[in-house]
Amino acid sequence: MHSGKKAGALTRRQFVAVSAAGGLAAAAGCKTGGNGNWEFLSDQQARVLAALCDQIVPADEFPSASQDGVLNYIDRQLVRHYRRHQDAYRDGLEAADAISRKRFGRSLPEVAPTQQWEVAQTLELENSAFFTLLRNHTFEGYYGSPRHGGNRDAQSWRMLGLAEPPALGRAQYDLRKGSPS
């Protein structure tokens, strides 16, 4: 007896089941938090990066680089505009941690700030290209626009006595007066 079904065609129920299974398989293959809270960095790389960035911009009455969101800035940029620097960061952060382990027997985030300073100085001598890149990105994240992930709550701008720009692309000048407002 012919039921009206085409040979090899799926029923609606079979289609839904296959679709659900396919969706689960695709989701299982996706990266879902393998890097913790980071888009590019691993948790260990983020800890090493924090130690280095905080040697570049340490805390005083204002936040350190890591407290001000610089890690978020660098992490975001490494999957966007700075993708070309991913290998440099992988290698540079691994090198910094290796220097710490060799010299102090522990990972960079686990040693005292004075020892982190020594590692940063050694890294600057041994891998000046990476250290310069890291320093530039740290300053960009610390002093740049908060919309890029760093400079949390525009704290560095307040530290410098700068007014937060009212809107992207708007000049901060009153052209009627002919001078900065």
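Coordinates for the structure precede this section.
Structural notes, computed from the coordinates. The shown structure was predicted, so the numbers you read here are calculated from the model rather than taken from an experiment.

Conventions adopted
Residues numbered from 1 in each chain as written. Predicted model: local features only at pLDDT ≥ 70, side-chain atom pairs only at ≥ 80, totals over all residues. Heavy atoms only, no water. Helix = DSSP H or I, 4+ residues; strand = E, 2+ residues; numbered from the N terminus. Buried < 20%, exposed > 50% of the residue type's maximum accessible area, 1.4 Å probe, protein only. Contact = heavy atoms within 4.5 Å. Areas by Shrake-Rupley, 256 points an atom, 1.4 Å probe, with all protein chains shown as cover. Axes fitted to C-alpha atoms, helices over the stretch in contact; angles between N-to-C directions. Parallel < 35°, antiparallel > 145°, perpendicular 65-115°, else oblique. Salt bridge = Lys/Arg side-chain N within 4 Å of Asp/Glu carboxyl O. Phe/Tyr/Trp six-rings, centres within 6.5 Å; stacked < 30°, edge-to-face > 60°. Patch = residues over 30% accessible without salt bridge, like charges linked within 9 Å, V, L, I, M, F, W, Y side chains within 5 Å.

**As for the overall build of the chain**
1) Next: Scanning the chain for helices and strands turns up seven helices and two strands.
2) Next: Element order for the chain, N to C, with α for helix and β for strand: α-α-α-α-α-α-α-β-β.
3) Next: Considering the chain as a whole, with its 181 residues, one finds that 33% of them fall into the buried category.
4) Next: Intrachain contacts of the chain at a sequence separation of at least 6 include 56% that bridge at least 24 residues.
5) Next: For the chain, the exposed area adds up to about 11,700 Å²; of that, 53% sits on carbon and sulfur atoms.

**Some points on the packing of helix 2 (residues 43–56) against helix 6 (residues 128–143)**
1) Next: Viewed as axis vectors pointing N to C, helix 2 and helix 6 meet at an angle of 75°, and their least axial separation amounts to 10 Å. Relative to helix 6, the element helix 2 is oriented roughly perpendicular. Here Leu49, Leu52, Cys53 and Ile56 of helix 2 come into contact with helix 6, specifically with Phe131, Leu134, Arg135, Thr138 and Phe139.

**A few points about the environment of Arg76**
1) Next: Mapped onto the fold, Arg76 is located in helix 3 (residues 70–78).
2) Next: Along the sequence, Arg76 and Phe40 sit 36 residues apart, while their C-alpha atoms lie 7.5 Å from each other.

**With respect to the pattern of salt bridges**
1) Next: One pass over the structure, following the stated rule, counts five salt bridges.
2) Next: Ionic pairing is found between Arg101 and Asp97, a salt bridge with its closest N-O pair at 3.4 Å. Of this pair, Arg101 and Asp97 both sit in helix 4 (residues 86–104), four residues apart, which is roughly one turn of the helix.
3) Next: Judged by relative accessible area, Arg101 falls into the partly exposed class, the value being 45%.
4) Next: For Arg135, the salt bridge identified is with Glu124, shortest N-O distance 3.6 Å. Of the two residues, Arg135 sits in helix 6 while Glu124 sits in helix 5 (residues 113–126), which places them 11 residues apart along the sequence.
5) Next: Take Arg135: its relative accessible area is 26%, and that puts it in the partly exposed class.

**Observations concerning the packing of aromatic side chains**
1) Next: What the rule picks out here adds up to one aromatic pair.
2) Next: Plain terms: the ring middles of Tyr89 and Phe130 are 5.3 Å apart, the flat faces sit at 85° to each other, and that makes the pair edge-to-face. Note that Tyr89 is positioned in helix 4 and Phe130 in helix 6, a separation of 41 residues in sequence. As far as the burial class goes, Tyr89 and Phe130 line up, both buried.

**Description of the environment of Gln77**
1) Next: Along the chain, Gln77 falls in helix 3.
2) Next: In this structure Gln77 comes out as buried when scored by relative accessible area, which is 7%.
3) Next: Taking the C-alpha atoms as reference points, Gln77 and Phe40, separated by 37 residues in sequence, lie 9.1 Å from one another.

**Concerning a nonpolar patch on the surface**
1) Next: Together, Phe139, Tyr143, Leu160 and Leu162 make up an exposed nonpolar region whose accessible area comes to about 360 Å².
2) Next: With respect to the helices and strands, the residue Leu160 is situated in the loop between helix 7 (155–159) and strand 1 (173–174).

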